[in-house]
Amino acid sequence: MSEVRVRFAPSPTGPLHIGGVRTALYNYLFAKSKGGRIILRIEDTDQARFVEGAEEYIIDSLKWSGIEFDESVVHGGDYGPYKQSERKAMYLPYAEQLVKDGFAYYAFDTSEELSAMRERMKTAGVPSPQYNAFTRTTMQNSLALSEDEVSKRIDSGEPYVIRIKMPRNEEVKLNDIIRGWVSVNTNNMDDKVIFKSDGMPTYHLANVVDDYSMKISHVIRGEEWLPSAPLHVLLYRYLGWEDSTPEFAHLPLILKPDGHGKLSKRDGDRLGFPVFPIEWKNPQTGEISLGYRESGYISSAFINMLSLLGWNPGTEKEIFSMDELIQSFTLERVGKAGAKFDFDKTKWFNQQYLRAKTKEELAAELQLILKEHRVEANDSFVAAVCEQLKERATFIKDMWDEGKYYFIAPTSYDAKIIRKKWKYDTPKYMSELMSRIEGISDFTSQNIEEVFRLYLKENEIGMGSLLPPFRISLTGLAVGPSLFDIASLLGKEETIKRMKTALNSIQQWD
Ligand code: GLU
């Protein structure tokens, strides 16, 4: 097989949805697994839909996701430019060649004339009228008008588009790697505009010309482009490039959590999760959309989660590094059916990746949060905190939210648990326990636990009566990691201090 060259070809019309990131990812995995190259091409021929900042957003998102391109607007390459607006001059000659060869034609119809045609057809009982073999004969185009008239109109500067001349009743077939044979009859296809009156090609022409000139071997893209694929196959044929037609793989949709329809930004807003890799600020409205990066996700966890939305490795294995994904990925194991997005599973992935980090790595990240809160603590203490909290956290920020007490003594106590657990005898038990604790010389978790248990035994009281008040005194909370571990890390002096404070400030018992 010739060299594998794939492309991810987003349009800068807004932020990149996670479905787009998955398309980029599958392209990347496929290319890398075949020793091939991946290209990032910016498809910005639709000037009306251009959004300020979207291109930079796309580049930043992919970079954060760890998807590296071999050729792009940033990296350059032998097949550039990699932005369609900069390739503008390239497309018209191909459109004109198609006209010359009888596969396309000039059309001068105004939008009023187009609407009138649609109205006429509707009245005649055609539910979705199209510009096609039937209607084109009645319209203002180079197939219906005389040659003189056409030249006159063009010479006088009348705006025109170029449309593909869809043949009658031909089967167009393509063998999609994921879907198998797809066959469409040209009677169901319309005479799409391939070149616009503003001097720009439409998506279809630009996409095919670029895929051909960039020597793309495989087109891997979302299912929503499947209906366009037969037109692309015809364009390859009509341009004389049939032998270079790439292989196609149309990826399944990412579905809403309930499986009904495509996952949209609105679902994220409604259910409270991001559908974009990084935060996006709408330049027109200033509205901010959540991103996985800003929500505290580890990019490799995010990518691992996405990799399994549509692809399945054929084993029970769920945790894959990028290298492992490259080794295991095949397009044959991408399913046809849409993949349901599962937000809990997304969090689960983050948790797994967080747990896999060393305490030093976690500490470095937690230090950043501590700094924001103007808390100073030495690295080894922070690392020990991370070690204790790691199993309970999904995000690094949880360690601060749920473990502030490691750094700052509690200033309030969980009222519900006090009502339940701070009984009449509690102050007495707590003060006695305190003096015992004072006597521990080697303040290890194990020694504290031993002293604690011995005290319970001697006084014939259960764990449930003294452990919660002890925990509340040190942390202010009802739950957390092993209390003996916490106490040992806080040190004897701080432990005693907190017990005293609690004894002085908690009054309530029944
Ligand atoms: N520009 C198209 C998009 O925005 C690319 C589709 C394709 O990959 O052919 O998704």
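Data block above holds the structure.
Below is a summary of the structure that appears in this document. Keep in mind that what you see is a predicted model, and the values were worked out from it rather than measured. (Residues numbered from 1 in each chain as written. Predicted model: local features only at pLDDT ≥ 70, side-chain atom pairs only at ≥ 80, totals over all residues. Heavy atoms only, no water.)

**A word on the environment of lysine 421**
Okay, step 1: Along the chain, lysine 421 falls in helix H15 (residues 415–421).
Okay, step 2: The class for lysine 421 is partly exposed, based on a relative accessible area of 28%.
Okay, step 3: When the C-alpha atoms of lysine 421 and isoleucine 472 are compared, they prove to be 9.6 Å apart, with 51 residues separating the residues in sequence.
Okay, step 4: When near neighbours in sequence (up to four residues on either side) are disregarded, lysine 421 contacts Thr426, Gly464, Ser465, Pro468 and Pro469. (Helix = DSSP H or I, 4+ residues; strand = E, 2+ residues; numbered from the N terminus. Buried < 20%, exposed > 50% of the residue type's maximum accessible area, 1.4 Å probe, protein only. Contact = heavy atoms within 4.5 Å.)

**A word on the side chain of serine 295**
Okay, step 1: Structurally, the position occupied by serine 295 is in the loop between strand S12 (288–289) and helix H9 (299–307).
Okay, step 2: A distance of 2.7 Å separates a polar atom in the side chain of serine 295 from the backbone oxygen of glycine 291.
Okay, step 3: Setting aside residues up to four positions removed in sequence, serine 295 forms contacts with Pro274, Phe395 and Lys397. (Polar contact = N/O pair within 3.5 Å; in protein donor to acceptor, adjacent residues only side chain to side chain.)

**Looking at the site of the ligand**
Okay, step 1: In the vicinity of the ligand, the residues found are Arg7, Ala9, Ser11, Glu43, Tyr203, Asn207, Arg221 and Trp225.
Okay, step 2: The side chain of serine 11 places a nitrogen or oxygen atom 3.0 Å from a nitrogen atom of the ligand.
Okay, step 3: A distance of 2.9 Å is found between an oxygen atom of the ligand and a side-chain nitrogen or oxygen belonging to arginine 221.
Okay, step 4: Calculation on the ligand without its partners gives an accessible area of 300 Å², and the protein chains cover 84% of this total.
Okay, step 5: Class assignment for the residues of the shell around the ligand results in three nonpolar, two polar and three charged. (Near = heavy atom within 4 Å. Areas by Shrake-Rupley, 256 points an atom, 1.4 Å probe, with all protein chains shown as cover. Nonpolar A, V, L, I, M, F, W, Y, C, P; charged D, E, K, R; others polar.)

**A look at the packing of aromatic side chains**
Between two aromatic rings, the relevant description is the distance of the centres plus the angle of the planes.
Okay, step 1: One pass over the full model with this rule turns up 26 aromatic pairs.
Okay, step 2: When the ring of phenylalanine 341 is compared with that of phenylalanine 343, the centres are 6.5 Å apart and the planes differ by 25 degrees; the resulting orientation is stacked.
Okay, step 3: Among the aromatic residues, those joined into a cluster by ring pairs are Trp64, Tyr292, Tyr297, Phe302 and Phe395.
Okay, step 4: Above the plane of the ring of phenylalanine 108 lies arginine 153, whose end atom (NZ or CZ) is 5.3 Å from the centre.
Okay, step 5: Cation over ring: arginine 163 sits above tyrosine 131, and NZ or CZ is 3.7 Å from the ring centre. (Phe/Tyr/Trp six-rings, centres within 6.5 Å; stacked < 30°, edge-to-face > 60°. Lys NZ or Arg CZ within 6 Å of the ring centre and 35° of its normal.)

**Observations regarding the packing of helix H6 (residues 203–213) against helix H7 (residues 229–238)**
Okay, step 1: Two elements in contact, H6 and H7, have axes separated by 10 Å at closest approach and are oriented at 55 degrees. One finds that H6 runs oblique with respect to H7. Seen from above, H6 lies across H7 with right-handed handedness. Counted together, Tyr203, His204, Leu205, Asn207, Val208, Asp211 and Tyr212 of H6 and Leu231, His232, Leu235 and Tyr236 of H7 form the full contact between these two elements. (Axes fitted to C-alpha atoms, helices over the stretch in contact; angles between N-to-C directions. Parallel < 35°, antiparallel > 145°, perpendicular 65-115°, else oblique. Left-handed = near helix turned anticlockwise from the far one by under 90°.)

**Let's talk about the layout of surface pockets**
Okay, step 1: A volume near 1000 Å³ is recorded for the largest pocket.
Okay, step 2: Secondary structure elements with two or more residues in the lining of the largest pocket: strand S1 (5–8), helix H1 (18–33), H6 and strand S8 (218–222).
Okay, step 3: Ranked by the residues each element gives to the lining of the largest pocket, the list is headed by H1, at four residues.
Okay, step 4: Here the residues of the lining of the largest pocket sort into 16 nonpolar, twelve polar and twelve charged. (1 Å grid on protein atoms, 1.4 Å probe; cavity = no way out; pocket = protein on both sides within 12 Å on 5 of 7 lines; lining within 4 Å. Points joined across faces, edges and corners; volume = space filled by probe spheres on them.)

**Observations regarding unusual backbone geometry**
Okay, step 1: A cis amide bond links glycine 80 to the next residue, proline 81, at an omega of -5 degrees.
Okay, step 2: Turning to its location among the elements, proline 81 is positioned in the loop between helix H2 (54–65) and helix H3 (91–100).
Okay, step 3: The backbone phi angle of asparagine 169 is positive, close to 50 degrees, even though this residue is not glycine.
Okay, step 4: Within the secondary structure, asparagine 169 sits in the loop between strand S4 (161–164) and strand S5 (171–176).

**Some points on the side chain of threonine 475**
Okay, step 1: Note that threonine 475 resides in helix H18 (residues 463–475).
Okay, step 2: Polar side-chain contacts of threonine 475 include one of 3.0 Å to the backbone nitrogen of leucine 477.
Okay, step 3: The residues contacting threonine 475, other than those within four sequence positions of it, are Tyr405, Pro410, Leu483 and Ile486.

**What about the packing of H18 against helix H20 (residues 492–505)?**
Okay, step 1: The interhelical angle for the contact between H18 and H20, taken along N-to-C directions, is 105 degrees, at an axis separation of 8 Å. When the axis of H18 is compared with that of H20, the two are roughly perpendicular. Here Phe470, Ser473 and Leu474 of H18 lie close against H20, whose contacting residues are Thr495, Arg498, Met499 and Ala502.
Okay, step 2: Tallied by class, residues from the contact of H18 with H20 come to four nonpolar, two polar and one charged.

**Brief notes about the nonpolar core**
Okay, step 1: Ranked by size, the top nonpolar core spans 110 residues in total, and within it Phe341, Leu366, Phe407 and Phe470 carry the most contacts.
Okay, step 2: Ranked by the residues each element gives to this core, the list is headed by H1, at nine residues.
Okay, step 3: Ignoring any residue separated from it by four or fewer positions in sequence, one finds phenylalanine 470 in contact with Met430, Leu433, Ile437, Phe452, Leu483, Phe484, Thr495 and Met499.
Okay, step 4: In this structure, Tyr91, Leu145, Ala206 and Val219 belong to the second largest nonpolar core, which totals 38 residues. (Core = buried A, V, L, I, M, F, W, Y, C linked by side-chain atoms within 4.5 Å.)

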